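Chain by chain, the residues run as shown.
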Amino acid sequence: MKTSETVFVNEFTNGILDPAKPMLGPVKNGSHIVANTTPGCWGPMITPCLKGGHEVTKPVMVEGAEIGDAIAIRIKSIQVTSIATASGNDKPMEGRFLGDPFVAPVCPNCGTINENTIIEGIGPTAVRCANCGADVTPFTFTNGYSITFDHHHQVGVTLHKEAAETIARDGRSYMNTPEHSIQNPIVTFAPHDLVGTVARMRPFLGQLGTTPSRPLPDSHNAGDFGQFLIGAPHDYSVTKEQLNEAKTDGHMDINRARAGAVVICPVKVPGGGVYLGDMHAMQGNGEIAGHTTDVSGIATLQVSVIKGLKLDGPIILPVPEDLPYLAKPLSAAEKQAALQLAEQWGVSTLEESLPLSFVGTGANLNEATDNGLQRAADVLGITVPEVMNRATITGSIDIGRNPGVITVTILVPVNYLEKAGLLELAKEQYL
């Protein structure tokens with residue numbers, strides 16, 4: 001199979017990441033993927049024929065990536081293309097889904113599962129079953145907003161009712177939805193509970209990762225949302241053991257996954273299957289509302305295979321600005337002060353270290369923290385108590401997404417990094 005220097009992606013899944021489906025590529029090891037991505041959560045959430053809660057790109061095979069390897073994804077650039085979007089806190093609509101409103105919406109009138117829809121008018125009842133005409137949206141807003149962005153992509157401003165309704169009448173255009181996307185534009189609902197709120201833009205990818213080893217709904221390729229699949233009454237039901245074995249935690253919603261960062265992902269299927277989507281214009285740690293500003297955009301990634309680095313979940317090398325204070329590489333002045341103190345007390349050697357962030361996921365934040373600590377210990381070949389100590393005095397535990405995605409960031413001794421095969425990547429990022 002011929003490899004490509006650059007793979008351009010403008011095709012999307014139906015919401016299911018299925019390793020049995022054909023992938024794009026392969027892309028040459030060390031080369032680039034350029035993708036025009038669709039908005040994430042809310043649009044797919046009101047499009048019942050999408051079975052995963054998102055609409056991510058078709059996965060791309062990477063040359064030479066084998067099960068048990070890892071893929072380093074350098075995020076070279078992220079460009080928001082939407083003019084406006086809408087978002088807010090959600091409430092599932094009882095009687096309109098089978099076990100999980102993200103995966104198995106049901107028409108409350110004719111009983112069709114994952115039905116096709118049409119849009120009639122604007123507002124929260126505009127999404128209608130194509131079969132019987134009933135209002136079928138499986139979600140509604142408890143508090144929502146419409147937001148537009150300036151031309152320089154510095155800020156967003158939330159809009160009043162009249163402006164929100166203007167955007168709603170031409171939703172795909174204002175959201176710049178890619179041509180092959182089938183999601184209904186969430187701006188159609190014209191929410192306007194927040195008016196005149198100003199938010200700084202800092203775009204990142206909420207979905208970035210590799211293909212799981214069994215079919216999983218894309219938004220559930222994570223240790224927290226994946227809990228909904230355990231014993232579920234639909235086609236994608238799994239056991240806890242099957243979920244943990246298959247998932248790659250590509251749905252992180254960690255705002256450090258932005259331009260300049262590196263995300264290292266496990267390879268659980270031949271070729272890896274790199275996919276992305278769910279671009280956000282901005283988000284604070286935790287995504288506490290459950291959703292943020294989903295936008296269309298163009299992302300450029302560079303992918304490189306790391307042979308023999310077996311991971312259970314992602315590692316992030318954030319841009320230096322995003323590192324926790326205690327995990328930032330030491331300055332020359334700090335190193336000199338430490339050296340003088342060490343000499344005073346007869347300490348002959350000081351550690352040389354560089355930062356890493358280990359992603360942890362679980363049903364809740366406590367489980368996610370335990371998972372992140374264990375993953376760090378496994379990769380570095382040390383004990384969990386040592387990771388705990390290092391995270392306490394040279395790092396931080398930070399919420400990626402509530403209810404169950406965190407990062408464990410620590411300064412890692414260079415001999416640990418070298419043994420794990422990560423030293424050159426860390427030096428490239430921070431020295």
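Residues numbered from 1 in each chain as written. Predicted model: local features only at pLDDT ≥ 70, side-chain atom pairs only at ≥ 80, totals over all residues. Heavy atoms only, no water.

The protein chain appears in an unreviewed UniProt entry as Acetamidase/formamidase family protein from Peribacillus faecalis.

Student: Please explain the pattern of salt bridges as it appears in this structure.
Tutor: Pairs can form between side chains of opposite charge whenever their charged atoms are close. Taken as a whole and judged by the stated rule, the model has 22 salt bridges. Between Asp224 and Arg401 there is a salt bridge, and its shortest N-O distance comes to 2.7 Å. In this pair, Asp224 is assigned in the loop between strand S13 (216–217) and helix H4 (240–246) and Arg401 in strand S19 (residues 395–401), connecting sequence segments 177 residues apart. Looking at Arg401, the relative accessible area reads 1%, which means it is buried. For Lys268, the salt bridge is made with Asp312, and the minimal N-O distance between the two is 4.0 Å. With Lys268 in the loop between strand S14 (262–266) and strand S15 (274–280) and Asp312 in the loop between strand S16 (297–306) and strand S17 (315–317), this pair connects stretches of sequence that are 44 residues apart. Overall, the relative accessible area of 15% leaves Lys268 in the buried class. (Salt bridge = Lys/Arg side-chain N within 4 Å of Asp/Glu carboxyl O. Helix = DSSP H or I, 4+ residues; strand = E, 2+ residues; numbered from the N terminus. Buried < 20%, exposed > 50% of the residue type's maximum accessible area, 1.4 Å probe, protein only.)

Student: Mind showing me how you'd approach the sheet that holds strand S11 (residues 198–200) here?
Tutor: Sheets are built from strands paired through backbone hydrogen bonds, the pairs being either parallel or antiparallel. Strands sit in the order S6-S9-S10-S11 across an open sheet of four strands; the sheet is antiparallel. Edge positions in the sheet fall to strand S6 (84–92) and S11, since each has one partner strand and no second. The sheet shows a mean angle of 30° between the axes of neighbouring strands, taken without regard to direction. The sheet contact formed by strand S10 (residues 155–158) and S11 spans three bridges and is antiparallel. In the sheet register, Gly156 faces S11, and the bridge partner there is Ala199. (Pairing = 2+ DSSP bridges. Axes fitted to C-alpha atoms, helices over the stretch in contact; angles between N-to-C directions.)

Student: Hey, could you run me through unusual backbone geometry in this one?
Tutor: In most cases, non-glycine residues show a negative phi, while peptide bonds are predominantly trans. Cis geometry marks the peptide bond from Gly25 to Pro26, where omega comes out at 10°. As for its position among the elements, Pro26 is in strand S3 (residues 24–37). In this structure, Pro403 follows Asn402 across a cis peptide bond, with omega equal to 25°. Along the polypeptide, Pro403 turns up in the loop between S19 and strand S20 (405–413). In this structure, Glu287 takes a positive phi of about 40° despite not being glycine. Relative to the assigned elements, Glu287 resides in the loop between S15 and S16. Take Glu287: its relative accessible area is 3%, and that puts it in the buried class.

Student: Is there a simple way to explain the packing of aromatic side chains in this structure?
Tutor: How two aromatic rings sit relative to each other is set out by the distance from centre to centre and by the angle between their planes. Inspection of the entire model under this criterion finds six aromatic pairs. Summarising the aromatic geometry, the rings of Trp42 and Phe139 are spaced 6.3 Å apart at their centres and angled 75° between planes, so their arrangement reads as edge-to-face. Remark: Phe139 occurs in strand S9 (residues 139–149) and Trp42 occurs in helix H1 (residues 42–45); sequence separation between them is 97 residues. Each member of the pair, Trp42 together with Phe139, is buried. Among the aromatic residues, those joined into a ring-pair cluster are Trp42, Phe102, Phe139, Phe141, Phe189, Phe225 and Phe228. (Phe/Tyr/Trp six-rings, centres within 6.5 Å; stacked < 30°, edge-to-face > 60°.)

Student: So what exactly am I meant to see when it comes to helix H2 (residues 161–168) here?
Tutor: Each α-helix turn comprises 3.6 residues. Residues three or four places apart therefore point the same way. Those residues of H2 lying buried are Ala164, Glu165, Ile167 and Ala168. The buried residues of H2 occupy an angular sector of 160° when projected down its axis, which confines them to one face. If you follow the buried residues of H2, they end up packed against S6, S9 and helix H3 (171–175). (Arc of directions from axis to C-beta. Contact = heavy atoms within 4.5 Å.)

Student: Teacher, can you tell me more about a nonpolar patch on the surface here?
Tutor: A cluster of nonpolar side chains, contributed by Leu339, Leu341, Trp345, Val347 and Leu350, occupies part of the molecular surface with about 500 Å² of accessible area. Assignment of secondary structure puts Leu339 in helix H5 (residues 332–344). (Patch = residues over 30% accessible without salt bridge, like charges linked within 9 Å, V, L, I, M, F, W, Y side chains within 5 Å. Areas by Shrake-Rupley, 256 points an atom, 1.4 Å probe, with all protein chains shown as cover.)

Student: Which parts of the structure should I look at to understand the packing of helix H6 (residues 365–380) against helix H7 (residues 384–394)?
Tutor: Two packed helices can be described by the angle between their axes and the distance between those axes. Between H6 and H7, the shortest axis-to-axis distance is 8 Å and the interhelical angle comes to 110°. What the angle tells us is that H6 and H7 run roughly perpendicular. Residues Leu373, Gln374, Ala376 and Ala377 of H6 form the contact with H7, whose own contacting residues are Val384, Val387 and Met388. A class-by-class count of the residues in the contact of H6 with H7 yields six nonpolar, one polar and no charged. (Parallel < 35°, antiparallel > 145°, perpendicular 65-115°, else oblique. Nonpolar A, V, L, I, M, F, W, Y, C, P; charged D, E, K, R; others polar.)

Student: Help me out: how do you make sense of the pairing of S3 in this one?
Tutor: On a regular strand, one side chain projects to one face of the sheet and the next to the other, so that they alternate. Of the pairings in the sheet, the one linking strand S1 (residues 4–9) to S3 comprises five bridges and is parallel in character. Bridged to Phe8 within S3 is Val34. Here S3 runs beside strand S4 (residues 60–62); their pairing, made up of two bridges, is parallel. Bridged to Leu24 within S4 is Val60. By the bridge criterion, six bridges tie S3 to S16 in an arrangement that is antiparallel. Across the sheet, the residue bridging to Val34 is Thr300, located in S16.

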